[in-house]
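The chain contents come next:
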Amino acid sequence: MSPSPVLPDERLAAGAARLASAHRGRFCPETVQRVITDSYERLAATARVTTHLVVLAERLAAERLDALAHIQGAPGSGLPRVLFVCSHNAGRSQLAAALLAQGHVTVSSAGTRPAPAVEPVVAQVLTEAGVPSTEAAFPKPLTDEVVQAADIVITMGCGDACPVVAGRRYLDWPVADPEGAPIAVVRTIRDAIDAHITELLDSLPSTA
């Protein structure tokens, strides 16, 4: 029997235990530990501040394990799963995920080269539109599990960097990058994304 991998931060053990308990009978503790360790290391690679890294690693690992369970056929919500991908997961994909989260879908977002933090102006323009705050959001790396679990993958400026999985619906939304843009421009970007989302929701089967 091979030894369990050494956790890069001893505080991850509590998070690994919580996730292992939540997925008891589905994933073994070693699998959970591998996912949370990999999540921590991926986030640490781009983090400027590591204060909350353990918490974020647990949240990222939870999302990845949920996606993995979906791939393996575990019972889920049955809602369409939509993944937004942009380069940094700090602007466009975060806006899109927050706006679409108001619909009857399961939403996630990721970046091919995630930034250290979400653009502050993103939360501001969402609040103005009456969308719940994204203060808890953070840039996440793109992983195989979330791509494979998605029914629809929407790219926003990352081009060929997003892997293609057979049987998925792929869309590309040509939306400007809000990084460093004035608030008025970011508002127009938000509204352009919202228009795309309206079209997307109209194209999905009714879940009523």
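Up top you'll find the structure we're talking about.
Computed from a predicted model, the values in this text were never measured in an experiment.

1. With respect to empty space enclosed by the protein
Evaluated as defined, the whole model comprises 1 cavity of 30 Å³ or more. Put simply, the largest cavity is a space of about 30 Å³. Leu-60, Glu-63, Arg-64, Ser-109, Ala-110, Lys-140, Pro-141, Thr-143 and Val-146 together form the lining of the largest cavity. Looking at the lining of the largest cavity, the elements that each hand over two or more residues are α3 (53–71) and β2 (106–111). Among the elements that make up the lining of the largest cavity, the one with the highest residue count is α3 (3 residues).

2. What to know about the side chain of Arg-92
Tracing the backbone through its elements, the reader meets Arg-92 in helix α4 (residues 92–100). The class of Arg-92 is buried, set by a relative accessible area of 8%. Of note is the side chain of Arg-92, whose polar atom sits 3.4 Å from the backbone oxygen of Met-156. Of note is the side chain of Arg-92, whose polar atom sits 3.0 Å from the backbone oxygen of Val-175. Residues within four places of Arg-92 in sequence aside, it is in contact with Cys-86, Met-156, Gly-157, Val-175, Ala-176, Asp-177, Pro-178 and Ile-193.

3. A closer look at the packing of aromatic side chains
What the rule picks out here adds up to 1 aromatic pair. Centre to centre, the rings of Phe-84 and Trp-173 are 5.6 Å apart; their planes meet at 55°, and the pair counts as tilted. Taken together, the residues span a long stretch of sequence, with Phe-84 in strand β1 (residues 81–86) and Trp-173 in the loop between β4 (169–172) and α7 (183–203) at a distance of 89 residues. Like Trp-173, Phe-84 is buried. The ring centre of Phe-138 lies 5.2 Å from the NZ or CZ of Lys-140, which sits over that ring.

4. Digging into the pattern of salt bridges
Tallied over the entire structure, the rule returns 9 salt bridges. Note that Arg-92 is salt-bridged to Asp-177, the shortest N-O span being 3.7 Å. One end of the pair, Arg-92, is in helix α4; the other, Asp-177, is in the loop between β4 and α7, with 85 residues separating them in the sequence. Residue classification places Asp-177 among the partly exposed residues on the basis of a relative accessible area of 36%. Across the salt bridge formed by Glu-128 and Arg-187, the nearest N and O atoms sit 2.7 Å from each other. With Glu-128 in helix α5 (residues 120–128) and Arg-187 in helix α7, this pair connects stretches of sequence that are 59 residues apart. Owing to a relative accessible area of 41%, Glu-128 belongs among the partly exposed residues under this scheme. Arg-187 sits in the partly exposed class, given a relative accessible area of 30%. Within the structure, one salt-bridge network assembled from shared partners comprises Asp-38, Arg-42, Arg-64 and Glu-145.

5. Observations concerning the packing of helix α2 (residues 29–44) against α3
Axis separation between α2 and α3 bottoms out at 8 Å; the angle between their running directions is 125°. The orientation of α2 with respect to α3, classified from their angle, is oblique. The element α2 and its partner α3 pack so that their crossing is right-handed. Along the contact surface, α2 presents Val-32, Val-35, Ile-36, Asp-38, Ser-39, Tyr-40, Arg-42, Leu-43 and Ala-44, while α3 presents Leu-53, Val-54, Leu-56, Ala-57, Glu-58, Leu-60, Ala-61, Arg-64 and Leu-65. In the contact of α2 with α3, the residues fall into 13 nonpolar, 1 polar and 4 charged.

Cut-offs used in this document
Residues numbered from 1 in each chain as written. Predicted model: local features only at pLDDT ≥ 70, side-chain atom pairs only at ≥ 80, totals over all residues. Heavy atoms only, no water. 1 Å grid on protein atoms, 1.4 Å probe; cavity = no way out; pocket = protein on both sides within 12 Å on 5 of 7 lines; lining within 4 Å. Points joined across faces, edges and corners; volume = space filled by probe spheres on them. Helix = DSSP H or I, 4+ residues; strand = E, 2+ residues; numbered from the N terminus. Buried < 20%, exposed > 50% of the residue type's maximum accessible area, 1.4 Å probe, protein only. Polar contact = N/O pair within 3.5 Å; in protein donor to acceptor, adjacent residues only side chain to side chain. Contact = heavy atoms within 4.5 Å. Phe/Tyr/Trp six-rings, centres within 6.5 Å; stacked < 30°, edge-to-face > 60°. Lys NZ or Arg CZ within 6 Å of the ring centre and 35° of its normal. Salt bridge = Lys/Arg side-chain N within 4 Å of Asp/Glu carboxyl O. Axes fitted to C-alpha atoms, helices over the stretch in contact; angles between N-to-C directions. Parallel < 35°, antiparallel > 145°, perpendicular 65-115°, else oblique. Left-handed = near helix turned anticlockwise from the far one by under 90°. Nonpolar A, V, L, I, M, F, W, Y, C, P; charged D, E, K, R; others polar.

No statement about biological role is implied by the geometric values presented.
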